[in-house]
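# Remarks on the overall topology
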Amino acid sequence: MPPPFFENRQGALLLVGAQEPLADAVLRRLQHDGHDVLTVHGGDDAALQAALAAAPPFDALVTLTPTSRSNLAFDDIDDAAFEAAIDAQLLSVVRTAQTVLPRLREGARIVHVGSRGHLGAWGGVHQMAASAGLVAMTRSMALELQPEGFTVNLVASEFTHERQDTQRNREAVAHAVSMLVAPHNGITGQCLVIDGLASLRMSEARRPHVTPLN
């Protein structure tokens, strides 16, 4: 019989973004490794507030905001597209972290999961800029929250629905997340790129065969 919620060896963990493609793999790995996980859909502020009100403090927070390429050319990107990308990939993470922070125990671990756009990629300059912002935010959060013993890290995954976005790679992302939320891991302010070797192969140096979205 499984132990009651919040009584496992790794502590209580809040996962925000349960609707995202990576969520199933991340959830399975966290539970396998002994975390008591409460899941909430990203962007649902009411559900997040309800979860925080009903639960004791958390030992870790994981946010999931992986990205699919929009395939928009640079000269087709307008202000609305830029604002939407920044809100979805950066500001939503800011709002979540600020809301959850008062409910984190001293020494808690925060792990953001985004996409590898900060390295530069075809198919959405606005999205890649938002990705770069998430990297800078993660490193700055790590500095600011270090006095409270918090660790803050980022896992940069492959874009969803790409060739390298396989189940095996999703499991590798999940493994990285579980490592970073483990107590006393000593890692903070880092960005781990887990993208099925896409960036290592420098595949972005060649224009990909992509079909523009309607």
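A brief report on the enclosed structure follows.

### Notes on helix α5 (residues 167-181)
- Look at α5: 21 Å from first C-alpha to last across 15 residues, which is about the 21 Å you get at 1.5 Å a residue.
- For α5, the full list of buried residues reads Asn 169, Arg 170, Val 173, Ala 174, Ala 176, Val 177, Ser 178, Leu 180 and Val 181.
- On the buried face of α5, the contacting elements are β1 (12-16), α1 (23-32), β3 (58-64), β4 (104-115), β5 (151-157) and β6 (191-194).

### Focus: the nonpolar core
- Residues Leu 14 and Leu 104 are the most contacted members of the largest nonpolar core, which totals 26 residues.
- Among the elements of the structure, β1, α2 (45-54), β3, α3 (79-100), β4, α4 (125-145) and β5 are those that each provide at least two residues to this core.
- With residues up to four places along the chain from it excluded, the contact list for Leu 14 reads Leu 38, Val 40, Leu 48, Leu 52, Phe 58, Ala 60, Leu 61, Val 62 and Val 100.
- Ranked by size, the runner-up nonpolar core spans 21 residues in total, among them Leu 15, Leu 22, Val 62 and Ala 174.

### Overview of a nonpolar patch on the surface
- Where nonpolar side chains cluster on the molecular surface, the patch consists of Phe 74, Phe 82 and Val 125 and spans about 280 Å² of accessible area.
- Within the element layout of this structure, Phe 82 appears in helix α3.

### Thoughts on the sheet that holds β5
- In space, the six strands of this open sheet follow the order β2-β1-β3-β4-β5-β6, with parallel pairing throughout. Two strands lie at the open edges of the sheet, namely β2 (36-40) and β6, each paired on one side alone. Neighbour-to-neighbour, the strand axes of this sheet turn through a mean angle of 20°, independent of strand direction.
- Where β1 lies against β3, four bridges are found, and the strand directions are parallel. Paired with Leu 14 across the strands is Leu 61, a residue of β3.
- In this fold α2 packs onto β1, β2 and β3, with an angle of close to 150° to the strand it touches most, β2.

So, how was this worked out
- Residues numbered from 1 in each chain as written.
- Predicted model: local features only at pLDDT ≥ 70, side-chain atom pairs only at ≥ 80, totals over all residues.
- Heavy atoms only, no water.
- Helix = DSSP H or I, 4+ residues; strand = E, 2+ residues; numbered from the N terminus.
- Expected span 1.5 Å × (residues − 1).
- Buried < 20%, exposed > 50% of the residue type's maximum accessible area, 1.4 Å probe, protein only.
- Contact = heavy atoms within 4.5 Å.
- Core = buried A, V, L, I, M, F, W, Y, C linked by side-chain atoms within 4.5 Å.
- Patch = residues over 30% accessible without salt bridge, like charges linked within 9 Å, V, L, I, M, F, W, Y side chains within 5 Å.
- Areas by Shrake-Rupley, 256 points an atom, 1.4 Å probe, with all protein chains shown as cover.
- Salt bridge = Lys/Arg side-chain N within 4 Å of Asp/Glu carboxyl O.
- Pairing = 2+ DSSP bridges.
- Axes fitted to C-alpha atoms, helices over the stretch in contact; angles between N-to-C directions.

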